[in-house]
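Fold and geometry: a report
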Amino acid sequence: MKIDIRSTTIIGVRHKRKVAMAGDGQVTFGDMAFKQKAVKVREFDTVKGGVLGGFAGAAADALTLFEKFEQKLEQYEGELPRAVVELAKDWRTDKILRHLDAMLVVMDKQHSFIIAGDGNVIEPDGAVVSIGSGGGFAQSAANAFLQSTKFSAKQVAEKSLKIAADLCIYTNDSITVLEIQ
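Structure report, in brief. Note that this is a predicted model, so its numbers are computed, not measured. (Residues numbered from 1 in each chain as written. Predicted model: local features only at pLDDT ≥ 70, side-chain atom pairs only at ≥ 80, totals over all residues. Heavy atoms only, no water.)

Quick look at a nonpolar patch on the surface
Here is the rule we go by: Within this analysis, patches are made of residues with over 30% relative accessible area and no salt bridge. Like charges are joined at 9 Å or less; nonpolar side chains (Val, Leu, Ile, Met, Phe, Trp, Tyr) at 5 Å or less. Reported accessibility uses the Shrake-Rupley method at a 1.4 Å probe radius. Residues are deemed covered only where the shown protein chains occlude them. Here a salt bridge means any side-chain nitrogen of Lys or Arg lying within 4 Å of a carboxyl oxygen belonging to Asp or Glu. Elements are defined by DSSP. Helices are runs of H or I of four residues or more, strands are runs of E of two residues or more, and each kind is numbered from the N terminus.
On the surface, Phe29, Met32 and Phe34 cluster together into a nonpolar patch covering about 310 Å² of accessible area. With respect to the secondary-structure elements, Met32 resides in strand S4 (residues 32-35).

Notes on the packing of helix H3 (residues 135-146) against helix H4 (residues 153-167)
The test is simple: What counts as an axis is a line fitted to C-alpha atoms, over the stretch in contact for a helix, and the angles between N-to-C directions run from 0 to 180 degrees. Just so you know how the angles are binned, under 35 degrees is roughly parallel, over 145 roughly antiparallel, 65 to 115 roughly perpendicular, and the rest oblique. In a left-handed crossing the near helix is turned counterclockwise from the far helix by less than a right angle, and in a right-handed crossing that turn is clockwise. Residue contacts are counted whenever heavy atoms from the two residues lie within 4.5 Å of one another. Under this grouping Gly is polar, as are all residues other than the nonpolar Ala, Val, Leu, Ile, Met, Phe, Trp, Tyr, Cys and Pro and the charged Asp, Glu, Lys and Arg.
Running from amino to carboxyl end, H3 crosses H4 at an angle of 140°, the nearest separation of the two axes being 8 Å. Considering their axes alone, H3 and H4 lie oblique with respect to each other. Considering how the two elements wind past one another, H3 and H4 form a crossing that is right-handed. Taken together, the residues of H4 that come into contact with H3 (itself represented by Phe137, Ala138, Ala141, Ala142, Phe145 and Leu146) are Val156, Lys159, Ser160, Ile163, Ala164 and Leu167. Across the contact of H3 with H4, the residue classes break down as 10 nonpolar, 1 polar and 1 charged.

What to know about the nonpolar core
Just so we agree on the cut-off: By nonpolar core is meant a set of buried Ala, Val, Leu, Ile, Met, Phe, Trp, Tyr and Cys residues that side-chain atoms within 4.5 Å join together. In this scheme, a residue with accessible area under 20% of its type's maximum is buried, one over 50% is exposed, and one in between is partly exposed, where area comes from a 1.4 Å probe on protein chains only.
Residues Phe69, Leu80, Leu104, Val106 and Ile115 are the most contacted members of the largest nonpolar core, which totals 21 residues. Among the secondary structure elements, those contributing two or more residues to this core are strand S6 (49-57), helix H1 (59-75), helix H2 (80-93), strand S7 (102-107) and strand S8 (112-116). Per-element tally for this core: the top contributor is H2, with 6 residues. If we ignore the near neighbours within four places in the chain, the residues touching Leu104 are Gly54, Phe55, Ala62, Leu65, Phe66, Leu87, Trp91, Phe113, Ile114, Ile115 and Ile131. Formed by 18 residues, the second largest nonpolar core is a distinct cluster that contains Ala20, Ala141, Phe145 and Leu146.

Remarks on the pairing of S7
Sheet faces and side chains relate simply in a regular strand, where the side chains alternate between the two faces. In plain terms, the rule: Strand pairing is assigned whenever DSSP identifies at least 2 bridges connecting the two strands.
The buried count for S7 comes to 5 of 6 residues, which makes it a mostly enclosed element. Sheet topology places S6 next to S7; 6 bridges connect them, and they run antiparallel. Paired with Leu52 across the two strands is Met107, which belongs to S7. Here 5 bridges tie S7 to S8, and the two strands are oriented antiparallel to one another. By the bridge assignment, Met103 is partnered in S8 with Ala116.

Regarding the pattern of salt bridges
Counted by the stated rule, this structure contains 5 salt bridges. Note that Lys40 and Asp24 form a salt bridge whose closest N and O atoms lie 3.4 Å from each other. A residue pair is termed long-range when its members are at least 10 positions apart, and Lys40 in the loop between S4 and strand S5 (41-46) and Asp24 in the loop between strand S2 (18-23) and strand S3 (27-29) qualify at 16 residues. Take Lys40: its relative accessible area is 3%, and that puts it in the buried class. Measuring nitrogen to oxygen at the nearest pair gives 3.2 Å for the salt bridge that ties Lys89 to Glu86. One end of the pair, Lys89, and the other, Glu86, are both in helix H2, 3 residues apart, so they sit about a helical turn from each other. Because the salt bridges share partners, they merge into one network encompassing Arg82, Glu86 and Lys89.

Honestly, it's all geometry; don't read function into it.
Next up, the structure:
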């Protein structure tokens, strides 16, 4: 019996020359919430500056992919677009990696990417990127907040994720927010 693991909402926001990424802390297994304070976002240091990453899906799989992504960032000296494409190629073609069940979002000051195991690499047009079960809710809220210049990127990411937590049963309000300037 296969049980769907739904465990996250991740949102990234680029605003006022800053980049922020937030992730909720809930991990569910079927219809049970097992953990409330998981950390699903992290910062990668590179020669060219910070890169933020977040994941949705199976945690062990995502952490393996983060490790591979970090290797690609080092190999390509912080060139995010190149590292993303090379990770996606490996993820899709490697006998072991292609079975990993996760989705990643990564951002730096210039680029945002969604990476999936089927080889898809998407670079969204806008200032907001999201993945996970509450991603649509969080992205809608962030786009509305960005109509105002009142909030920073970090505030937009956090407030948007709180709105998603009110709407999505697989998202909670135990939020981790990271920011690069």
